[in-house]
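Residue strings, one per chain:
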Amino acid sequence: MRTQVAIIGAGPAGLMLGALLAQRGVASVIVEARSRDYIEHRIRAGVLEQGSVDAVHEVGAGARMREHGLVHDGTILRFAGASHRIDFRALTGKSVTVYSQHELVRDLVAHRVASGAPLLFEVSDVTIHGIDGATPTLRFRHAGADVTLACDAIAGCDGFHGVARAAIPAARRAVFERDYPYGWLGILADVAPSSRELIYAHHDRGFALLSMRSPRVSRLYLQCAADEDLAAWSDARIWDELAIRLAADGFALATGPITQRSITPMRSFVAEPMRFGRLALAGDAAHIVPPTGAKGLNLAIADVRLLAEALTALCQAGDERLLDAYSATCLRRVWKVERFSAWMTDLLHTSDAPGTASFRQRLQRAELDYVTSSPAAMTTLAENYVGLPLV
Ligand code: APR
Ligand code: PHB
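This write-up is about the structure you can find in this document.

Rules of the game
Residues numbered from 1 in each chain as written. Chains lettered and ligands numbered in written order. Predicted model: local features only at pLDDT ≥ 70, side-chain atom pairs only at ≥ 80, totals over all residues. Heavy atoms only, no water. Near = heavy atom within 4 Å. Polar contact = N/O pair within 3.5 Å; in protein donor to acceptor, adjacent residues only side chain to side chain. Areas by Shrake-Rupley, 256 points an atom, 1.4 Å probe, with all protein chains shown as cover. Helix = DSSP H or I, 4+ residues; strand = E, 2+ residues; numbered from the N terminus. Phe/Tyr/Trp six-rings, centres within 6.5 Å; stacked < 30°, edge-to-face > 60°. Buried < 20%, exposed > 50% of the residue type's maximum accessible area, 1.4 Å probe, protein only. Lys NZ or Arg CZ within 6 Å of the ring centre and 35° of its normal. Pairing = 2+ DSSP bridges. Expected span 1.5 Å × (residues − 1). Salt bridge = Lys/Arg side-chain N within 4 Å of Asp/Glu carboxyl O. Nonpolar A, V, L, I, M, F, W, Y, C, P; charged D, E, K, R; others polar. Core = buried A, V, L, I, M, F, W, Y, C linked by side-chain atoms within 4.5 Å. Contact = heavy atoms within 4.5 Å. Axes fitted to C-alpha atoms, helices over the stretch in contact; angles between N-to-C directions. Parallel < 35°, antiparallel > 145°, perpendicular 65-115°, else oblique.

As for the site of ligand 1
- By nearness alone, 24 residues border ligand 1, and Glu-32, Arg-42, Arg-44, Gln-101 and Asp-284 come closest of all.
- Arg-42 places a side-chain nitrogen or oxygen 2.8 Å from an oxygen atom of ligand 1.
- A distance of 2.7 Å is found between an oxygen atom of ligand 1 and a side-chain nitrogen or oxygen belonging to Arg-44.
- Bound to the protein, ligand 1 loses 86% of the 700 Å² it would expose on its own.
- Of all elements in the fold, only α1 (12-23) and α8 (296-317) reach the threshold of two or more residues within the shell around ligand 1.

Below, the structure is given as structure tokens:
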């Protein structure tokens, strides 16, 4: 087989890259380890920056998002029983769209299949070769056959547990990471959200987030230990804890059947560089953010918007200048988003035992007070949340 760009991974990064390249007349093959059904039902986050929304519409995959996406002009920070709205629209002129990542993956898969461009599911034994030259190849097994795919470039969009990152020689690779002493217990519930906008709640017992998937499906999270035992949390215990942490005057948390639950670990991670020879990394393959700022999906899309331009120049004109600049350009934005995600995580999560006080906790309260009383501080939060410029 031969193509111009071999893409490893059919998550948001790989699928969006394939769509952007196709729109520019660049051929690609996407190889995915899992089945179509698996990736279309993998529950992940659900907030899209305007730039991500624009990219989905640009490739022509935005019809369902336009119909079902929920446009939000602000969000609510809640602490000490009081609520403080951050008005994105007034502060930045922008909004965000709440739309499930797995729904976006469904839309991008359908778009890819309809285009007839190759999207191979359930591939295995993917190995990367020749990235230090001009004729790299991807080898893998698919449908019982060994395949060698010749190409001009390989895009590693295979997530944190993929193989692409390790193809960069260890001596040329640097990793920066931070683990957090807590995680998120997340649920999906068949009940109308108790708030029109998202509520980020800081509480002595731990952080809680009220989010949503539709007018009839709620998505909620509560901070838990990093090694929390999900079996120790009955539906009643989950709802009781959420009600305590989200409590405020005039607010009542509606409960309903929990249809999905999971524990998400919290991690900040960046691998540098994001390009080596004819291999480029994008999305979770190169970086991870804690979910607090809802940035993982948006960072993946931002990476491939830049990578699509670089690979188009390479494949159509043999021009490597954008590819040469890709890693540094991406990392400037990645590190700003890592900063925001770590800051928002530290701002909202509790690391002191309930009822105790520490210097850090007092600083945290001061930061919450400052962010919700200073227009300058609110603007800083808002401009990061709605999405920083691509470059
Ligand atoms: N061969 C082929 N496919 C692979 C391999 C492999 N060796 N390893 C992983 N994959 C696939 C995974 O099955 C997955 O479908 O690569 C895809 C990577 O997708 P994501 O993990 O979703 O990463 P990305 O596309 O960068 O999107 C980042 O997804 O994980 C969330 O929170 C994250 O919202 C962020 C977004
Ligand atoms: C979600 O809806 O899954 C979600 C929303 C906002 C976040 C994180 C997750 O910050």
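Alright, that's what it looks like, and here's the rest.
Re the packing of aromatic side chains
- Taken as a whole and judged by the stated rule, the model has 9 aromatic pairs.
- Their ring planes at 25° and their centres at 5.4 Å tell us that Trp-184 and Phe-207 sit as a pair that is stacked. Here Trp-184, found in strand β13 (residues 174-189), pairs with Phe-207, found in the loop between β14 (199-201) and β15 (208-214); they are 23 residues apart in sequence, far enough to count as distant.
- According to the relative accessible area criterion, Trp-184 is buried, its value standing at 2%.
- Here Tyr-200 and Phe-207 contribute two aromatic rings whose centre-to-centre distance is 6.3 Å and whose plane-to-plane angle is 35°, an arrangement assigned as tilted. For the residue pair Tyr-200 and Phe-207, the accessibility class agrees, reading buried in each case.
- Directly above the aromatic system of Tyr-38 lies the positively charged group of Arg-34, at a separation of 4.1 Å from the ring centroid.

Topic: the sheet that holds strand β3 (residues 47-48)
- Overall, antiparallel pairing links the 3 strands, which are arranged β3-β7-β4 in an open sheet. Of all the strands in the sheet, just β3 and β4 (70-72) have a single pairing partner and so form its edges.
- By the bridge criterion, 3 bridges tie β4 to strand β7 (residues 96-98) in an arrangement that is antiparallel. Bridge pairing in β7 places Leu-70 opposite Val-98.

Quick notes on α8
- For α8, built from 22 residues, the straight-helix expectation of 32 Å at 1.5 Å per residue is met to within 8% by its first-to-last C-alpha distance of 32 Å.
- Within α8, 17 of the 22 residues are buried, leaving the element largely enclosed by the surrounding structure.
- Two residues or fewer past α8, Gly-318 is found with a positive phi of approximately 65°.

Focus: the pattern of salt bridges
- Counted under the stated rule, the structure contains 24 salt bridges.
- The partner of Arg-2 in a salt bridge is Asp-152, and the shortest N-O contact between them spans 2.7 Å. Linking Arg-2 in the segment before β1 (5-8) with Asp-152 in the loop between β11 (145-150) and β12 (153-156), this pair joins segments that are 150 residues apart in sequence.
- For Arg-2, a relative accessible area of 53% puts it in the exposed group.
- Between Glu-49 and Lys-295 there is a salt bridge, with its nearest N and O atoms 2.7 Å apart. You can see Glu-49 sitting in the loop between β3 and α3 (50-58) and its partner Lys-295 sitting in the loop between β20 (287-288) and α8, a full 246 residues away along the chain.
- Assessed through its relative accessible area of 5%, Glu-49 is described here as buried.

Thoughts on the site of ligand 2
- Close to ligand 2 lie 14 residues; Tyr-200, Ser-211, Arg-213, Tyr-221 and Thr-292 are nearest.
- The contact in question runs from an oxygen atom of ligand 2 to an N or O atom on the side chain of Ser-211, over 2.6 Å.
- For the shell around ligand 2, the secondary-structure elements that each account for two or more residues are β15 and β16 (217-225).
- A per-element tally of the shell around ligand 2 places β15 first, with 3 residues.
- A breakdown of the residues in the shell around ligand 2 according to their chemical character gives 9 nonpolar, 3 polar and 2 charged.

Comments concerning the nonpolar core
- With 74 residues, the main nonpolar core has Met-16, Leu-17, Leu-138, Phe-140, Ile-154, Leu-307 and Leu-311 as its most contacted residues.
- Among the elements that take part in this core, α8 stands out by supplying 12 residues, more than any other.
- Contact partners of Leu-17, with chain neighbours within four places excluded, come to Ile-7, Ala-155, Cys-157, Val-304, Leu-307, Ala-308 and Leu-311.
- Membership of the second largest hydrophobic core comes to 53 residues, among which are Val-47, Met-266, Ala-377 and Val-386.

Observations regarding the pairing of strand β6 (residues 82-87)
- As paired elements, strand β5 (residues 74-79) and β6 share 6 bridges and run antiparallel to each other. Residue pairing in the sheet places Leu-77 in a bridge with His-84 of β6.
- With antiparallel pairing between neighbouring strands as the criterion, β5 and β6 make up a hairpin whose turn holds 2 residues, including Ala-80 at a positive phi of roughly 50°.

Some words on the packing of helix α9 (residues 321-348) against helix α10 (residues 359-371)
- Viewed as axis vectors pointing N to C, α9 and α10 meet at an angle of 110°, and their least axial separation amounts to 9 Å. On the basis of their axis angle, the class for α9 and α10 is roughly perpendicular. Residues Trp-343, Asp-346, Leu-347 and Leu-348 of α9 lie in contact with α10, whose contacting residues are Arg-360, Gln-364, Glu-367, Leu-368 and Val-371.
- Split into classes, the residues belonging to the contact of α9 with α10 amount to 5 nonpolar, 1 polar and 3 charged.

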